[in-house]
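Per-entry structural report
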Amino acid sequence: MIVILEAISGPIIGRRIEVHGGAIVRVGRTGKADYAIAEDGYLSGLHFAVECDGSQCRIRDLGSSNGTFVNGARISEQVVREGDSVVAGGSTFRIHVDELPSITGVGLPRLGALAAPIAVAAQTLAGAGHLLGWNTGYTPAETALLATLYGPGEQVFAILDTSRDSRIRAFLESSGEKHTSLDSSAQPLAFLVALPAESRLVHVLIKDGWGQGWGCYVTSKADLEHVRAHFAKFVTLRASSGEALTFRFWDPRLIRALVPAMSPQEAADFLGPCERIVVEAEEGKPGLPVMALEFLRSERGLRQQTVVVG
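As the structure is a prediction and not an experimental result, all values here were calculated from the model. (Residues numbered from 1 in each chain as written. Predicted model: local features only at pLDDT ≥ 70, side-chain atom pairs only at ≥ 80, totals over all residues. Heavy atoms only, no water.)

1. A short note on the sheet that holds strand E1 (residues 2-9)
Taken in spatial order, the six strands line up as E2-E1-E11-E10-E7-E8 in an open sheet, and their pairing is antiparallel. Pairing within the sheet leaves two strands with one partner each, and these edge strands are strand E2 (16-20) and strand E8 (73-75). If you compare each strand with its neighbour and ignore which way they point, the axes differ by 30° on average. Where strand E10 (residues 85-88) lies against strand E11 (residues 91-98), four bridges are found, and the strand directions are antiparallel. In the sheet register, Val87 faces E11, and the bridge partner there is Thr92. (Pairing = 2+ DSSP bridges. Helix = DSSP H or I, 4+ residues; strand = E, 2+ residues; numbered from the N terminus. Axes fitted to C-alpha atoms, helices over the stretch in contact; angles between N-to-C directions.)

2. Regarding the pairing of strand E6 (residues 57-61)
Residues of E6 alternate between two faces, with Cys57, Ile59 and Asp61 buried on one and Arg58 and Arg60 left unburied on the opposite face. As paired elements, strand E5 (residues 48-52) and E6 share five bridges and run antiparallel to each other. By the bridge assignment for E6, Phe48 is matched with Asp61. Linkage of E5 to E6, two consecutive antiparallel strands, is achieved through a turn of four residues, within which Gly54 is found at a positive phi near 100°. Pairing of E6 with strand E9 (residues 77-80) involves four bridges; the strand directions are antiparallel. What sits directly across from Arg60, in E9, is Glu77. (Buried < 20%, exposed > 50% of the residue type's maximum accessible area, 1.4 Å probe, protein only.)

3. What about helix H4 (residues 200-209)?
Considered for burial, the residues of H4 that qualify are Leu201, Val202, Leu205, Ile206, Asp208 and Gly209. Looking at the buried side of H4, the elements it contacts are helix H2 (140-149), strand E12 (155-161), helix H3 (168-175), strand E14 (190-194), strand E15 (215-220) and strand E18 (274-280). N-cap assignment for H4: the residue whose side-chain oxygen lies 3.0 Å from the backbone N of Leu201 is Ser199. At the C-terminal side of H4, Gly211 shows a positive phi close to 90°. (Contact = heavy atoms within 4.5 Å. Polar contact = N/O pair within 3.5 Å; in protein donor to acceptor, adjacent residues only side chain to side chain.)

4. Some thoughts on the environment of Ile37
Relative to the helices and strands, Ile37 resides in the loop between strand E4 (35-36) and E5. Apart from residues no more than four positions distant in its own chain, Ile37 is found in contact with Ile12, Val27, Gly28, Arg29, Leu43 and Phe93.

5. Overview of the pairing of strand E3 (residues 24-28)
By the bridge criterion, four bridges tie E3 to E5 in an arrangement that is antiparallel. In the strand pairing of E5, Val27 is matched with Phe48. Two strands pair when backbone bridges link them, and E3 and E4 are joined in this way by two bridges, in the parallel orientation. Paired with Gly28 across the bridge in E4 is Ala36.

6. Some remarks on the packing of H3 against H4
In contact at an axis separation of 9 Å, H3 and H4 are set at 160° when each is read in the N-to-C sense. Between H3 and H4, the crossing angle belongs to the class labelled roughly antiparallel. For H3 against H4, the interelement crossing comes out right-handed. Contact with H3, carried on its side by Phe171, Leu172, Ser174 and Ser175, involves Arg200, Leu201 and Val204 of H4 and no other residues of that element. Here the residues of the contact of H3 with H4 are counted per class, giving four nonpolar, two polar and one charged. (Parallel < 35°, antiparallel > 145°, perpendicular 65-115°, else oblique. Left-handed = near helix turned anticlockwise from the far one by under 90°. Nonpolar A, V, L, I, M, F, W, Y, C, P; charged D, E, K, R; others polar.)

7. What to know about the pattern of salt bridges
Once their charged atoms are close, side chains differing in charge can pair, the charge on each being opposite to the other. Tallied over the full model, the rule gives 14 salt bridges. For Glu275, the salt bridge goes to Arg297, with nearest N and O atoms at 4.0 Å. In this pair, Glu275 is assigned in strand E18 and Arg297 in strand E19 (residues 291-298), connecting sequence segments 22 residues apart. For Glu275, a relative accessible area of 29% translates into the label partly exposed. Salt bridges sharing partners connect three or more residues here, namely Arg15, Glu39, Asp165, Arg167 and Asp208. (Salt bridge = Lys/Arg side-chain N within 4 Å of Asp/Glu carboxyl O.)

8. Details of the sheet that holds E5
In spatial order, the strands read E4-E3-E5-E6-E9; together these five strands make up an open sheet with mixed pairing. Each edge of the sheet is formed by a strand with only one pairing partner; in this case those strands are E4 and E9.

9. Observations concerning the environment of Leu296
On the secondary structure map, Leu296 appears in strand E19. A sequence separation of 25 residues divides Leu296 from Leu271, and the C-alpha atoms of the two residues are 9.4 Å apart. Ignoring anything within four residues of it in the chain, the contact list for Leu296 reads Glu275, Arg276, Gly301, Leu302, Arg303 and Gln305.

10. Some remarks on the confidence of the model for the chain
When the pLDDT values of the chain are averaged, the result is 81; 84% of them are 70 or greater. Here residues 100-136 is a poorly scored stretch, pLDDT under 50, and it has 55 contacts once near neighbours within four places are set aside; other chains count. (pLDDT = per-residue confidence, 0-100.)

This is the structure:
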């Protein structure tokens, strides 16, 4: 059983908090919380807890100043169900209950509803996360995504669009990771950043950025400067008239549309020193798993693989 609190209004609108069976997640404004929402000044440091015992989900107020409300009624403790609303501070959440098993390997029943080819990491995801040093703050779905990104012998880079979220540049500066702009303008369109698996920035990008169209991920054995030099060539293209056109090739929507149509030579030219590109898949219908698209270099061009990540 997985219970999801989807923020439908407030400072973190669109973000999702996942609580798995047997878990308790405390939500609040400060680092004392298991899930901190520093952007919401109306939350208490520890505001409410979400408790999921595998058969039902319970919301418990933690002595907050402004109260916790379920379907408009102030509560101290309340069992919640699919579609219920929870208001805490300046944020409103919608409850979603997933009774299906989480994806931890190959051949689970949940995959049967999908028509597209599916590739799922064969190893137990929790074990993979432990071996790679990922902390326990990741859900099984997020661990699956990390297992897709971090292959042996490859460095992972993200190309991030600064127009997608005003916080991206601040995240980069505070992370301490090596990064550089892809263009030389005063207000860069996108940044390329190296992402060691243990980086705090990885946590931010997976938790906040995945599914929000922030950009794409590439893997390479080359260093940051070589990868930057390659992709910088694609930022500005020339029309037949000679007009300069900005090409936001890092946009997941463009990659999903253009890359599968490339010839083998075009694919090789586009990848350059990179081995793989990973982007979020198009948002599916409610009830279907979340997927990522992985484009891998092969002799016949780029091979597309669909990966279940949630």
